[in-house]
Amino acid sequence: MSITTSGNTAAGPRRPPSGLDLTPFTFTRCCWVDAPPESVYPLVSDVSLIERWSPSAHAVSYEPGGGPWVGAWFSGRNRRDGREWVTRSEVVRADPGSAFAFVVGGAEQGIVRWDWAFCEQGAGSIVRQTWRLLRADPVLGDTPEALHALRDHMAGSVEATLLSLAEWIGGRRSR
């Protein structure tokens, strides 16, 4: 396992693809959970809980004094293909019961935006998670092919996260 950060540690400069159309590097996945939006929101906005459901994120926590509000920062470790790295993210939307969003790298210089939305449906909620690449960066890949592979990997990770969240909530409600 190697640990990398957003800094480039390879020999020689690596440049992201210039003029790359980022439109294809986004996706949204949804699932129904057996809880109302006002009960799901605190689970998602408590970023330390994500490791319960995500196959790739762990050791996530707000910085001291931080919390689920716009401008708060948190860090976490991510895993993919035998590698591990740390990210730092800024909360950019915090609407209790309806939406939570953060940008990896911060609102000003971010690389990826994650949005969560919650909408009441029947006795539960539709939880929608969106991933969007904001800018190309060598840490994510140097070619369009690498970025497509990243997007596809992340889509699978989000699907697993949402299903695990729904199962976890269902298991807690049946107690």
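About the criteria used
- Residues numbered from 1 in each chain as written.
- Predicted model: local features only at pLDDT ≥ 70, side-chain atom pairs only at ≥ 80, totals over all residues.
- Heavy atoms only, no water.
- Phe/Tyr/Trp six-rings, centres within 6.5 Å; stacked < 30°, edge-to-face > 60°.
- Buried < 20%, exposed > 50% of the residue type's maximum accessible area, 1.4 Å probe, protein only.
- Lys NZ or Arg CZ within 6 Å of the ring centre and 35° of its normal.
- Salt bridge = Lys/Arg side-chain N within 4 Å of Asp/Glu carboxyl O.
- Helix = DSSP H or I, 4+ residues; strand = E, 2+ residues; numbered from the N terminus.
- Contact = heavy atoms within 4.5 Å.
- 1 Å grid on protein atoms, 1.4 Å probe; cavity = no way out; pocket = protein on both sides within 12 Å on 5 of 7 lines; lining within 4 Å.
- Points joined across faces, edges and corners; volume = space filled by probe spheres on them.
- pLDDT = per-residue confidence, 0-100.
- Pairing = 2+ DSSP bridges.
- Core = buried A, V, L, I, M, F, W, Y, C linked by side-chain atoms within 4.5 Å.

Caption draft 1: Up close: the packing of aromatic side chains. Inspection of every chain in the model, using the stated rule, returns 8 aromatic pairs. Considering the side-chain rings of Phe100 and Phe102, the 6.3 Å spacing of their centres and the 55° angle between planes classify their relative orientation as tilted. On the basis of relative accessibility, which here comes to 1%, the residue Phe100 falls in the buried class. One Lys or Arg, Arg88, reaches over the ring of Trp73 and ends 4.0 Å from the middle of that ring.

Caption draft 2: Expanded view of the pattern of salt bridges. Enumeration according to the criterion identifies 8 salt bridges in this entry. Among the salt bridges present, the one from Glu84 reaches Arg79, with a minimum N-O distance of 3.9 Å. What makes Glu84 buried here is its relative accessible area of 8%. The salt bridge partner of Asp95 is Arg93, with a shortest N-O separation of 2.6 Å. Connected through shared salt-bridge partners, Arg77, Arg79 and Glu84 make up one network.

Caption draft 3: Representation of the environment of Gly110. Structurally, the position occupied by Gly110 is in the loop between β6 (99-104) and β7 (112-121). Residue Gly110 is classed as buried on the basis of its relative accessible area, which comes to 7%. Residues Gly110 and Leu133 lie 23 residues apart in sequence; the distance between their C-alpha atoms is 8.9 Å. Once you skip the residues sitting within four places of it in the chain, Gly110 turns out to touch Val103, Val104, Gly105, Leu134 and Arg135.

Caption draft 4: Here's a closer look at the layout of surface pockets. Counted as a void, the largest pocket has a volume near 790 Å³. Taken together, 45 residues form the lining of the largest pocket, with Asn78, Trp85, Thr87, Val104 and Trp114 sitting closest to its centre. In terms of residue count, the dominant contributor to the lining of the largest pocket is strand β4 (residues 73-80) (7 residues).

Caption draft 5: Quick look at the confidence of the model for the chain. On average, residues of the chain score 87 in pLDDT, and 88% of them reach the 70 mark or higher. By mean pLDDT, strand β1 (residues 2-4) is the weakest element of the chain at 28, and β6 is the strongest at 98. In this model, residues 1-16 is a region of pLDDT below 50 whose contacts with residues beyond four sequence positions or in other chains number 20 contacts.

Caption draft 6: How the structure looks around the pairing of strand β8 (residues 124-133). Burial runs high along β8: 7 of the 10 residues are buried. As paired strands, strand β2 (residues 26-33) and β8 are joined by 8 bridges and run antiparallel to one another. Within β8, the residue paired with Cys30 across the bridge is Arg128. Bridge count between β7 and β8: 10 bridges; the pairing is antiparallel. Within β8, the position partnered with Trp114 by the bridge is Trp131.

Caption draft 7: View of the nonpolar core. Membership of the largest hydrophobic core comes to 41 residues, with the highest contact counts inside it found for Phe100, Trp116 and Trp131. Only β2, α1 (37-45), β3 (57-62), β5 (83-95), β6, β7, β8 and α2 (144-173) provide two or more residues apiece to this core. A total of 9 residues in this core trace back to one element, the largest contributor, which is α2. With near-sequence residues (within four places) excluded, Trp131 lies in contact with Phe25, Thr26, Phe27, Val112, Arg113, Trp114, Leu150, Arg151 and Met154.

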